[in-house]
Amino acid sequence: MNIERITRHLLQHHWRARRVFPQDMLDRIERAIKQGEATHSGQVRFVVEGALDGRPLFRNQHARARALDVFSHLRIWDTAHNNGVLIYLLLADRDVEIIADRGIDAKVGAAGWENICRAMEAEFGAGQFERGVIDGIAAVSRELAKHFPPQGPHRNELPDAPVVM
């Protein structure tokens, strides 16, 4: 059990996500997702969680495991072409994880997603949360456009609105 991490999560908790990501910023992030999805047939979701609490925190659940839970809970895996992508930010840890369905993941691979995550984390480290998220969405959309170009009218299978947990 990492006392420093527990303290950070308890002190930063959920209110911080709303402060760092106010509604007007969330609206711009949603527009970036819509614009990105116009270039491909994939689906992108952005989720920010301020901090872990309860069992996940005290069991030292890491951001990747939490992102997998969120990916499943939001049914991002349930797309026609197996090309849903979750961009998950655990704000208390400033850790970005990308979880991609098997169709797109097989084409981009862990190293490709990791590069996008690290670039986003660098922006967050500089206090540029909006730019980091929008640049990350653009990078994910470029990968999706390369491997899953648009096929006829865009069918939006998943909501574009960011989720704040």
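Refer to the preceding data block for the structure.
Below or above, wherever it landed, is the structure these notes cover. Being a predicted model, the structure only gives us computed values, none of them experimental. (Residues numbered from 1 in each chain as written. Predicted model: local features only at pLDDT ≥ 70, side-chain atom pairs only at ≥ 80, totals over all residues. Heavy atoms only, no water.)

**Notes on the packing of aromatic side chains**
For any pair of aromatic rings, the description consists of the separation of the ring centres together with the inter-plane angle of the planes.
Here's step 1: Taken as a whole, this structure holds three aromatic pairs when the rule is applied.
Here's step 2: For the ring pair phenylalanine 21 and phenylalanine 129, a centre distance of 5.9 Å and an interplane angle of 70° mean the geometry is edge-to-face. Taken together, the positions of phenylalanine 21 in the loop between helix 2 (15–20) and helix 3 (23–37) and phenylalanine 129 in helix 7 (residues 129–147) put the pair 108 residues apart, joining distant regions of the chain. There is no split in this pair, since phenylalanine 21 and phenylalanine 129 are both buried.
Here's step 3: Taken together, the ring pairs connect Phe21, Phe46, Phe124 and Phe129 into an aromatic cluster. (Phe/Tyr/Trp six-rings, centres within 6.5 Å; stacked < 30°, edge-to-face > 60°. Helix = DSSP H or I, 4+ residues; strand = E, 2+ residues; numbered from the N terminus. Buried < 20%, exposed > 50% of the residue type's maximum accessible area, 1.4 Å probe, protein only.)

**Quick notes on the nonpolar core**
Here's step 1: Among the nonpolar cores identified, the biggest contains 32 residues, and Phe21, Phe46, Ile87, Trp113 and Val140 are the most heavily contacted of them.
Here's step 2: Those elements that place two or more of their residues in this core are helix 2, helix 3, strand 1 (43–49), strand 2 (84–90), strand 3 (95–100), helix 6 (102–125) and helix 7.
Here's step 3: Of all the elements, helix 6 adds the most residues to this core, at seven residues.
Here's step 4: Aside from chain neighbours lying at most four places away, what touches phenylalanine 21 is Leu26, Ile29, Phe46, Val48, Leu89, Leu91, Phe129 and Val133.
Here's step 5: Counting 12 residues, the second-largest nonpolar core is a separate cluster that includes Val47, Ala67, Val70 and Leu90. (Core = buried A, V, L, I, M, F, W, Y, C linked by side-chain atoms within 4.5 Å. Contact = heavy atoms within 4.5 Å.)

**A closer look at the environment of alanine 106**
Here's step 1: Its place among the elements puts alanine 106 in helix 6.
Here's step 2: Looking at alanine 106, the relative accessible area reads 69%, which means it is exposed.
Here's step 3: Distance from alanine 106 to asparagine 83, taken between C-alpha atoms, is 9.9 Å for residues 23 residues apart in sequence.

**Description of the sheet that holds strand 3**
Here's step 1: Across the sheet, four strands lie side by side as 3-2-1-4; this open sheet has mixed pairing. On the outer flanks of this sheet lie strand 3 and strand 4 (163–164), each paired with one strand and no other.
Here's step 2: The pairing of strand 1 with strand 4 spans two bridges and is parallel. Each residue of the ladder has a partner; that of valine 47, found in strand 4, is valine 163.
Here's step 3: On top of the sheet, helix 6 reaches strand 2 and strand 3; it is set at about 165° to strand 3, its chief contact.
Here's step 4: With respect to the sheet, helix 7 is in contact with strand 1, strand 2 and strand 3, its orientation differing from that of strand 2 by roughly 160°. (Pairing = 2+ DSSP bridges. Axes fitted to C-alpha atoms, helices over the stretch in contact; angles between N-to-C directions.)

**Describing helix 6**
Here's step 1: When the terminal C-alpha atoms of helix 6 are compared, their 30 Å separation across 24 residues is substantially less than the 34 Å that a helix rising 1.5 Å per residue should span.
Here's step 2: Of all the bends in helix 6, the greatest, near 85°, is centred on glycine 109.
Here's step 3: For helix 6, the complete set of buried residues consists of Gly103, Ile104, Val108, Trp113, Ile116, Cys117, Met120, Glu121, Glu123 and Phe124.
Here's step 4: For helix 6, the elements touching its buried residues are strand 2, strand 3 and helix 7.
Here's step 5: A positive backbone phi angle near 80° is found at glycine 127, which sits one or two residues after helix 6. (Expected span 1.5 Å × (residues − 1). Bend = angle between axes of the 7 residues up to and from the residue.)

**A word on unusual backbone geometry**
Here's step 1: Although it is not a glycine, arginine 75 sits at a positive phi angle of roughly 60°.
Here's step 2: On the basis of relative accessibility, which here comes to 44%, the residue arginine 75 falls in the partly exposed class.
Here's step 3: Notably, arginine 94 is not glycine yet its phi reads approximately 50°, a positive angle.
Here's step 4: For arginine 94, the position within the fold is in the loop between strand 2 and strand 3.

**Here's the deal with helix 5 (residues 63–73)**
Here's step 1: Along helix 5, the positions that sit buried rather than exposed are Ala63, Arg66, Ala67, Val70 and Phe71. When helix 5 is viewed along its axis, its buried side chains cluster within an angular range of 145° and face the same direction. (Arc of directions from axis to C-beta.)

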